[in-house]
Amino acid sequence: MFNKKTIRDIDVDGKRVLVRVDFNVPIKNGVVGDDTRIRAALPTLQYLLDPGAALILCSHLGRPKGGPAPEFSLNPVAEHLSGLLGRPVKFVGEFVGPQAEKAASLLKPGEVLLLENTRFDPGETKNDPELSRRLASMADIYVNDAFGSAHRAHASTEGVAHYLFGVAGFLMEQEIRYLGEAIANPARPFIAILGGAKISDKIGVIRNLLDKADQVLIGGGMANTFFKAEGYPVGDSLVEDGSLDTARELLAKGKNRLRLPVDVVIADRFENDAEKKVIEMGPIPDGWRIMDIGPHSIEAYSKIIGDAGTVVWNGPMGVFELPNFAQGTFGLAKAVADSNATSIIGGGDSIAAIKQAGLSDRISHISTGGGASLEMLEGIVLPGLAALQDSV
Ligand code: ADP
Ligand code: MG
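Structural notes on the sheet that holds strand β6 (residues 112-115)
Turning to step 1, where the next piece is worked out: The six strands lie next to each other as β5-β6-β4-β1-β7-β8, forming an open sheet whose pairing is parallel. Two strands in the sheet have a free side with no partner beyond their single neighbour: β5 (90-92) and β8 (166-168). Taking the axes of each pair of neighbouring strands and ignoring which way they run, one obtains an average angle of 25° across the sheet.
Turning to step 2, where the next piece is worked out: The strands touched by helix α2 (residues 75-85) within the sheet are β4 (54-58), β5 and β6, with β6 carrying the most contacts at an inclination of about 155°.

Side note on the packing of aromatic side chains
Turning to step 1, where the next piece is worked out: Tallied over the entire structure, the rule returns two aromatic pairs.
Turning to step 2, where the next piece is worked out: With a centroid separation of 4.9 Å and an interplanar angle of 75°, the aromatic rings of Y47 and F170 are classed as edge-to-face. Linking Y47 in helix α1 (residues 36-49) with F170 in helix α5 (residues 170-184), this pair joins segments that are 123 residues apart in sequence.
Turning to step 3, where the next piece is worked out: Overall, Y47 belongs to the partly exposed group, its relative accessible area being 35%.
Turning to step 4, where the next piece is worked out: Its end group placed over the ring of F325, K276 keeps NZ or CZ at 5.5 Å from the ring centre.

Things to note about the nonpolar core
Turning to step 1, where the next piece is worked out: If you look at the biggest cluster of nonpolar residues, it comprises 72 residues, and the most contacted ones within it are I56, L115, I206, V216, I218 and F226.
Turning to step 2, where the next piece is worked out: For this core, the two domains that each supply at least three residues are domain 1 (7-170) and domain 2 (177-377).
Turning to step 3, where the next piece is worked out: Sequence-distant contacts of I56, defined by excluding residues within four places in its chain, comprise R16, V17, L18, V19, A104, L107, L113, L115, M138 and A139.
Turning to step 4, where the next piece is worked out: Of all hydrophobic cores here, the second largest spans 31 residues; its members include F23, V32, I38 and V77.

With respect to the environment of L135
Turning to step 1, where the next piece is worked out: Within the secondary structure, L135 is located in helix α4 (residues 129-136).
Turning to step 2, where the next piece is worked out: L135 gets classed as buried once you look at its relative accessible area, which sits at 0%.
Turning to step 3, where the next piece is worked out: Considering only alpha carbons, one finds L135 and F95, 40 residues apart in sequence, at a separation of 8.3 Å.
Turning to step 4, where the next piece is worked out: Residue contacts for L135: discarding those within four places in its chain leaves L18, F95, V96, L115, A155, S156 and V160.

Observations regarding the domain arrangement of the protein chain
Turning to step 1, where the next piece is worked out: Segmentation of the protein chain into domains returns domain 1 (7-170) and domain 2 (177-377).
Turning to step 2, where the next piece is worked out: Inter-centroid distance (C-alpha atoms) of domain 1 to domain 2 is 35 Å.
Turning to step 3, where the next piece is worked out: Each side of the interface is counted separately: domain 1 has seven residues, and domain 2 has 10 residues.
Turning to step 4, where the next piece is worked out: Carbon and sulfur atoms make up 62% of the area that domain 1 and domain 2 hide from each other, which totals about 620 Å².
Turning to step 5, where the next piece is worked out: Taken as a group, R37, F147 and H151 account for 72% of the area that domain 1 buries against domain 2, more than any other trio of residues on that side.

Regarding the side chain of S367
Turning to step 1, where the next piece is worked out: Here S367 shows up in the loop between β17 (365-366) and α12 (370-377).
Turning to step 2, where the next piece is worked out: At 3.2 Å, the side chain of S367 and the backbone nitrogen of G369 are in polar contact.
Turning to step 3, where the next piece is worked out: When near neighbours in sequence (up to four residues on either side) are disregarded, S367 contacts F147, E175, L179, I345, G346, I351 and S373.

Observations concerning the site of ligand 1
Turning to step 1, where the next piece is worked out: Among the 18 residues in the neighbourhood of ligand 1, the closest are listed as A197, K202, E321, D349 and S350.
Turning to step 2, where the next piece is worked out: Within the side chain of K202, an N or O atom sits 2.8 Å from an oxygen atom of ligand 1.
Turning to step 3, where the next piece is worked out: Taking 580 Å² as the accessible area of ligand 1 by itself, protein coverage stands at 85%.
Turning to step 4, where the next piece is worked out: Mapped onto the shell around ligand 1, the elements with two or more residues apiece are β14 (289-293) and α11 (348-356).

Parameters at a glance
- Residues numbered from 1 in each chain as written.
- Chains lettered and ligands numbered in written order.
- Predicted model: local features only at pLDDT ≥ 70, side-chain atom pairs only at ≥ 80, totals over all residues.
- Heavy atoms only, no water.
- Pairing = 2+ DSSP bridges.
- Helix = DSSP H or I, 4+ residues; strand = E, 2+ residues; numbered from the N terminus.
- Axes fitted to C-alpha atoms, helices over the stretch in contact; angles between N-to-C directions.
- Contact = heavy atoms within 4.5 Å.
- Phe/Tyr/Trp six-rings, centres within 6.5 Å; stacked < 30°, edge-to-face > 60°.
- Buried < 20%, exposed > 50% of the residue type's maximum accessible area, 1.4 Å probe, protein only.
- Lys NZ or Arg CZ within 6 Å of the ring centre and 35° of its normal.
- Core = buried A, V, L, I, M, F, W, Y, C linked by side-chain atoms within 4.5 Å.
- Domains from an automatic or database assignment.
- Buried area = accessible area lost by both parts, 1.4 Å probe.
- Polar contact = N/O pair within 3.5 Å; in protein donor to acceptor, adjacent residues only side chain to side chain.
- Near = heavy atom within 4 Å.
- Areas by Shrake-Rupley, 256 points an atom, 1.4 Å probe, with all protein chains shown as cover.

See the structure below:
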């Protein structure tokens with residue numbers, strides 16, 4: 001299934017290795033916040049450093065518009081990474097150019113250099129061949145470990161691999177193995193749980209998973225659009241009128257496989273201390289809105305999850321940020337953790353929920369890439385992966 005060369009297939013002793021990592025982390029007042037993404041790259045970096053590679057690291061950070069901006073500098077990450085690796089990390093305030101090239105050429109085996117934010121160069125997102133070529137010229141080998149950016153064909157994620165022998169790092173490999181296997185060759189029953197705010201974000205995913213999964217369990221705000229498409233008044237619930245036709249098409253396609261909540265928790269305001277009621281699914285009164293799936297839905301979904309061979313989950317079941325409407329999301333989190341299935345969770349809010357529930361370590365795989373994991377589930381080939389060397 002996974003058919004790309006990895007860092008196990010290359011000899012890096014004394015080589016200069018350009019590693020595209022995903023260091024797109026929150027930074028406040030020059031200090032790194034949640035460093036999960038940096039830690040996720042450490043196995044690859046350590047594996048390359050041990051036999052004596054010199055590492056040139058690059059990543060984007062945020063979405064700087066129109067050139068360099070100090071609040072998007074990767075400089076704070078160099079210091080943080082140095083602490084994690086237990087060795088100095090040099091930083092150069094340029095992505096590609098004379099200073100970066102000089103710093104890269106001076107690197108000795110075992111040394112680490114972090115380049116400035118790739119997106120400070122307008123050629124990055126345009127996948128400019130000249131930028132890719134110049135980036136490639138700094139190193140002997142290219143390693144892509146930035147799964148979270150692999151769905152973008154940018155100079156540092158795709159273009160550079162046309163000029164340099166490119167292989168996958170461990171994080172990339174692990175992500176593709178879990179997500180790719182779930183789609184191509186899942187242990188069955190294969191159950192997908194899809195929720196979150198909007199159906200429009202995830203139409204491609206629902207469509208593809210309706211083909212691949214045995215059952216697709218729907219919750220969250222996206223369920224409301226399905227309810228409305230079925231003809232129920234949904235009161236003041238979040239709904240996407242522009243997606244009603246698509247919802248009808250998916251309902252028809254998914255007849256026996258698409259499951260909607262059988263009961264919901266409704267509230268008279270979008271607030272934690274709003275008045276709330278549990279109702280069997282039916283017309284939602286004016287002035288009320290759906291905030292969570294109800295207890296019978298939690299029970300029914302949990303039973304299906306308990307018997308699953310593979311579970312893929314993207315998107316919370318309700319407005320879990322408000323504790324009074326978090327039962328659906330936390331209830332399913334527990335069911336997924338308790339199940340013997342191979343479990344995969346993706347999506348920023350879904351991961352936040354599983355962490356809050358304290359159940360992260362009972363999930364088989366928590367994906368580091370939101371957009372990239374959705375595109376995998378949609379069945380799209382990631383350009384950053386496609387550009388790497390095929391194995392055999
Ligand atoms: P993820 O980041 O895991 O992909 P999304 O960003 O798609 O998930 O959706 C998460 C958001 O969906 C949360 O902020 C949550 O409050 C919201 N949400 C879930 N259910 C509802 C609902 N019934 N009404 C409004 N918002 C909802
Ligand atoms: Mg989100």
